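Architecture at a glance
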Amino acid sequence: MGFEDWNLEFLCNMFLFFRSKTKEEVNTTSPGYEEQEQKTPKAGYILLFFMFVTALFFGWRALDDLRDVPSRPESLSHCAQEFLTTKWEDIGRYQYLNYPVYELAYPTKESRLVDFKPQAEPPCIYSVYETRYDIPVRMERHRSYNRELQDVEIKLGRMDTDIAELDRAYDMALQEKMANVGGRIYSITELYQKKEDAKLQRSEFETRRDELRNNLLKDVDENLRMKYRELMLEYRVAWRWYEFKLFLLEMIFVFPFFWFVFRMYKRLLAKNSPYTIIFTALVAVASVLTLRILIIWFWSLFLARIIQTLWNFIQNFALLKSLVFFGGMFLVITIFGGSVYWLQKRIFEPKRVALRRMRQKQCPNCQTSLDLAESFCPNCGRKLKEKCSICNNERWLDFSTCGYCGSKK
Ligand SMILES: [Zn+2]
Ligand SMILES: [Zn+2]
């Protein structure tokens, strides 16, 4: 039996929980087993399903916890967040590892409680990588400029209301003067001076704001972005090493298990053992775990990049994009339709059908009772018997063993 056969059989066992006999078994049927008879009782299937789920759960958790065994590259400070250009490949990786590239804004609960001040930014906790690339100095500069900018913007907002108030008061004073009201609440010259001073001050602040926004902050941010780009080159390599170590470790855990259950499955299957079903479930568990390890490793190694490149290419052509989804539709049809086809073919294979009908004393072709037949079916004329090459008696064509001398075909 080839690998493809095993593969298909395995798929069907997994998804349809149906165990059909292999090709070799067609001629040598074990006594007591009917073609469509379920060998395993329902309780057995339920127990096996339960075993599959729980074993997978424990295996999955064991793999999850292996993540902490190799030393992980230190995470970057939360301040890095706005300067990182995350690549496609980073996304899946860090999501899976459940460990973002940057730390959360508040690294620990305690620091949040101790340092809690309204409007206070939590301090950046720099990693060795950031220190190596001289990021802290630049980051602090960025933060101080940013604070100043926020300050200036708040002040500008306040000044606007002040100026509006002064404008109103000035208008009022002018109206007072025109109406010639006695007492004079507002002094026109004083108000005018105040108004002009405020406007002058405002324009100074505006200049500072524009300077901060367009020069100082822009420069330091650009610099930071560049530094982080350099840092990420090194950081990604560090992660790749970590992933490789993790991959090896996971394989050491899972691969021997996979190999053992797979060998046992093959051996039991060859013997047509009723215990095969247990190892079918175990192979399923081992396969899922192995697949998980491989897919995750391949993802960060090349899969993500290939998918991204392909997707970028495809997006240039509207027709191709639609063709991809169209292809997906046919892929699904092929996989599921193919599985059902294969299964049906197994059940309705002529050899199998013939054997099934012969056992019920029916013509393999038209189901006429064999009680009425001799060497040929009286209804459809199908040949039913042939001369045995050993004992020369007329033996049934569709059975593998001669009923007279016991010789096998
Ligand atoms: Zn017939
Ligand atoms: Zn014979």
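For the structure itself, consult the block above.
Structure report, in brief. Quick caveat: nothing in here was measured; it's all calculated off a predicted structure.

1. Things to note about the overall build of the chain
- When helices and strands are tallied, the chain shows 10 helices and 2 strands.
- Secondary structure elements of the chain, listed N to C terminal, follow the sequence α-α-α-α-α-α-α-α-α-α-β-β.
- By the burial criterion, 34% of the 409 residues in the chain qualify as buried.
- Considering only intrachain contacts with a sequence separation of at least 6, the fraction spanning at least 24 residues in the chain is 64%.
- With the model as given, the accessible surface of the chain reaches about 26100 Å², and the carbon-plus-sulfur share is 61%.

2. Focus: the coordination of the zinc ion (ligand 2)
- Taken together, the protein donors to the zinc ion (ligand 2) comprise Cys388 (SG), Cys391 (SG), Cys402 (SG) and Cys405 (SG), at separations of 2.2 to 2.4 Å.
- One can describe the site at the zinc ion (ligand 2) as tetrahedral: its 4 donor atoms subtend angles covering 106 to 114 degrees at the metal.

3. What about the coordination of the zinc ion (ligand 1)?
- For the zinc ion (ligand 1), the full set of protein donor atoms is Cys363 (SG), Cys366 (SG), Cys377 (SG) and Cys380 (SG), at a range of 2.2 to 2.4 Å.
- Viewed at the metal, the 4 donor atoms of the zinc ion (ligand 1) are separated by angles of 106 to 115 degrees, and the geometry they form is tetrahedral.
- Of note, the donors binding the zinc ion (ligand 1) are all from one chain and are spaced C-x2-C-x10-C-x2-C. Of this pair, cysteine 366 sits in the loop between α10 (350–359) and β1 (385–387) while cysteine 377 sits in the loop between α10 and β1, and the two are 11 residues apart along the sequence.
- Residue cysteine 366 is classed as partly exposed on the basis of its relative accessible area of 26%.
- Overall, cysteine 377 belongs to the buried group, its relative accessible area being 4%.

4. Some remarks on α10
- Along α10, the residues classified as buried are Arg352, Val353, Ala354, Leu355, Arg356 and Met358.
- Tucked inside the fold, the buried residues of α10 contact α9 (318–347) and β2 (394–396).

5. Topic: a positive patch on the surface
- A cluster of basic residues, Arg263, Lys266, Arg267 and Lys271, forms a positive patch on the protein surface.
- Within the secondary structure layout, arginine 263 lies in helix α7 (residues 188–270).
- Arginine 263 sits in the partly exposed class, given a relative accessible area of 47%.

6. Some details on a nonpolar patch on the surface
- A cluster of nonpolar side chains, namely Phe313, Phe317, Leu319, Leu320, Leu323, Phe326, Met329, Phe330 and Ile333, defines an oily patch on the protein surface of about 880 Å² accessible area.
- For the nonpolar patch, the element with the highest residue contribution is α9, accounting for 7 residues.
- You can see phenylalanine 330 is positioned in helix α9.
- Note on phenylalanine 330: relative accessible area 42%, which makes it partly exposed.

7. A few points about the nonpolar core
- Counting residues in each nonpolar core, the largest one holds 30 residues, and the members touching the most others are Leu76, Ile135, Met139, Tyr228, Leu231 and Tyr235.
- Among the elements of the structure, α2 (42–66), α6 (135–179), α7 and α8 (276–315) are those that each provide at least two residues to this core.
- A total of 11 residues in this core trace back to one element, the largest contributor, which is α7.
- Core analysis: the second largest hydrophobic core is formed by 9 residues, Val261, Leu269, Phe279 and Leu282 among them.

About the criteria used
- Residues numbered from 1 in each chain as written.
- Chains lettered and ligands numbered in written order.
- Predicted model: local features only at pLDDT ≥ 70, side-chain atom pairs only at ≥ 80, totals over all residues.
- Heavy atoms only, no water.
- Helix = DSSP H or I, 4+ residues; strand = E, 2+ residues; numbered from the N terminus.
- Buried < 20%, exposed > 50% of the residue type's maximum accessible area, 1.4 Å probe, protein only.
- Contact = heavy atoms within 4.5 Å.
- Areas by Shrake-Rupley, 256 points an atom, 1.4 Å probe, with all protein chains shown as cover.
- Donors = N, O, S within 2.8 Å, 3.2 Å for Na, K, Ca; no water.
- Tetrahedral: all angles 85-135°; square planar, octahedral: opposite > 155°, others 65-115°.
- Patch = residues over 30% accessible without salt bridge, like charges linked within 9 Å, V, L, I, M, F, W, Y side chains within 5 Å.
- Salt bridge = Lys/Arg side-chain N within 4 Å of Asp/Glu carboxyl O.
- Lys, Arg positive; Asp, Glu negative; His and termini not counted.
- Charge placed at Lys NZ, Arg CZ, Asp CG, Glu CD.
- Core = buried A, V, L, I, M, F, W, Y, C linked by side-chain atoms within 4.5 Å.

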